[in-house]
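Structure assessment
Each chain, letter by letter, is given below.
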Amino acid sequence: MTDQNQNTSGRMLVVRALALAALVMLAFAYVSPTWWVSLKAPQYPEIAFPDGIRIHFHMDGVFNGCQKVVVEERQAEEEALNCKHEMDAINHYVGMYPIAAGGPVERLLSPFVFTLLGLMIVVFVVPGRRPRTIVVTAGCVAIGAWMTASLYTDGGHKYLSPNYVSDVATTMDMDAEEYESWSGVEMMTQGYDEALGRYFRQRDVIERRVSTMTIATHVAYGGLIAAMLLLIVGVGRWKPIYWLTILVPILLPVFFIVDYAGWLWWFGHSLNEMGAFTLKPFMPTVLGQGKVAQFGTYSYPHYGFGLLVASSVALGFAALLRRKHIIETGDDS
């Protein structure tokens, strides 16, 4: 083997190692908190609430971020305050909808999206166009079948993310037998209906918004199916489709921030007139510190977002090395 062949072979080993590392980080990012938000105010003293009223955003749900703090005044408490519920209660005074009203479609579809992204990373490093097509076809068929069964069959919610199911069920205060027969779409619509109507029971508004999110779910499902068909047909034929298998996972942190900011805008610009206090529409803080009334707001990335960024960086280096390999060898198969 010539020195050039050894170099190119070693380079492709590095590409595959970087892709594997990125895949592992992507998997851990999915089960990790991605972002955190906290509210601080004089009525929540630091000694009892060192992090304020804090929540953690995951890809498949929003969860309590408060820890139990043992101080003399709270010795009798057995568990930490549920800060997700507390934040909802605070926000509703200014007409803001509960946190569960944000990103219902994204949270529902998150396991399928992340699995597809993982498949795309694998496909990027599979050598040969025919093997690549076989791998992407098998993977997309499996993801499509799983997604269809989860969203549209009786009891399909059982195939969704356990964290997502737990988040919705806990928010609705329901036992497992009460939603045993629900499909994934039904779980999303029921959870969204409950979130919108928890404080502001305007059935016409609720029904209209639930209908919109239901349509959005069907459209997103169709979009994912179309994307998978495009991958199956094009990954072994068209170079742009092949490079999309690495570009889309690289841009995931950007997609997350854009989606997160979009939903924050919706919360700040969809204030219900039934709130006890009136505020002008506003843009909540996406990153950093802000202030709403007497509350200081804090919004920062959590370690899950760091994993997403690290995964993107690894994939970026893998893409550059792969491109260099193609330029030097002419082997783009």
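Use the structure listed above.
This is a predicted model, so every value here is computed, not measured.

It is worth spelling out helix α4 (residues 129–152) at this point. In a regular helix each residue adds 1.5 Å, so 24 residues correspond to 34 Å; α4 covers 34 Å between its end C-alpha atoms and thus fits that length. Among the residues making up α4, those that are buried are Arg132, Val136, Gly139, Cys140, Ile143, Gly144, Met147, Ser150 and Leu151. Structurally, α4 contributes buried residues whose contacts are with α3 (104–125), α6 (184–197), α7 (203–234), α8 (239–250) and α10 (303–329).

Okay, unusual backbone geometry next. Although it is not a glycine, aspartate 173 adopts a positive phi angle of roughly 55°. Here aspartate 173 shows up in the loop between α5 (162–172) and α6. With a relative accessible area of 69%, aspartate 173 lands in the exposed category.

On to α10, then. Here α10 is 27 residues long and its end C-alpha atoms lie 39 Å apart, about the 39 Å a rise of 1.5 Å per residue gives. The complete set of buried residues in α10 reads Gly304, Phe305, Leu308, Ser311, Ser312, Ala314, Leu315, Ala318, Ala319, Arg322, His325 and Ile326. Looking at the residues trailing α10, positive phi occurs at glycine 330, about 75°.

A word on the sheet that holds strand β1 (residues 35–40). Ordered in space as β3-β2-β1-β5-β4, the five strands form an open sheet in which the pairing is antiparallel. Of all strands in the sheet, those with a lone pairing partner are β3 (61–64) and β4 (288–292), marking the two edges. Between one strand axis and the next, the sheet turns through 20° on average, direction left out of account. Summarising the sheet, strand β2 (residues 53–58) and β3 pair through four bridges and their orientation is antiparallel.

Moving on, we get to the packing of helix α9 (residues 252–269) against α10. Running from amino to carboxyl end, α9 crosses α10 at an angle of 140°, the nearest separation of the two axes being 8 Å. Considered as vectors, α9 and α10 are oriented oblique to each other. Each of Leu252, Pro253, Phe256 and Ile257 in α9 lies in contact with α10, whose residues at this interface are Phe305, Leu308, Val309 and Ser312. Within the contact of α9 with α10, the residues separate by chemical class into seven nonpolar, one polar and no charged.

Criteria and cut-off values
- Throughout this document, residue positions are counted from 1 along each chain, in the order its sequence is written.
- Side-chain atom pairs in this predicted model are given and counted only at pLDDT of 80 or more, local residue features only at pLDDT of at least 70, and totals for whole chains, interfaces and linings cover all residues.
- Side-chain measures were taken over the full set of non-hydrogen atoms in the model, leaving aside hydrogen atoms and water.
- What counts as a helix is a DSSP run of H or I of at least four residues, what counts as a strand is a run of E of at least two, and both are numbered from the N terminus.
- Take the residue count of a helix, subtract one, and multiply by 1.5 Å to get its expected span.
- The cut-offs for exposure are 20% and 50% of the maximum accessible area for each residue type, with area from a 1.4 Å probe on protein chains only; residues under the lower value are buried, those over the upper are exposed, and the others partly exposed.
- Contacts: residue pairs with any heavy atoms within 4.5 Å of one another.
- In this description, strands pair whenever DSSP reports at least two bridges between them.
- Think of each axis as a best-fit line through the C-alpha atoms, taken over the contacting stretch in the case of a helix, with angles from 0 to 180 degrees between the N-to-C directions.
- For this classification, under 35 degrees means roughly parallel, over 145 means roughly antiparallel, 65 to 115 means roughly perpendicular, and everything else is oblique.
- Three classes are used: nonpolar for Ala, Val, Leu, Ile, Met, Phe, Trp, Tyr, Cys and Pro, charged for Asp, Glu, Lys and Arg, and polar for all others, with Gly counted as polar.

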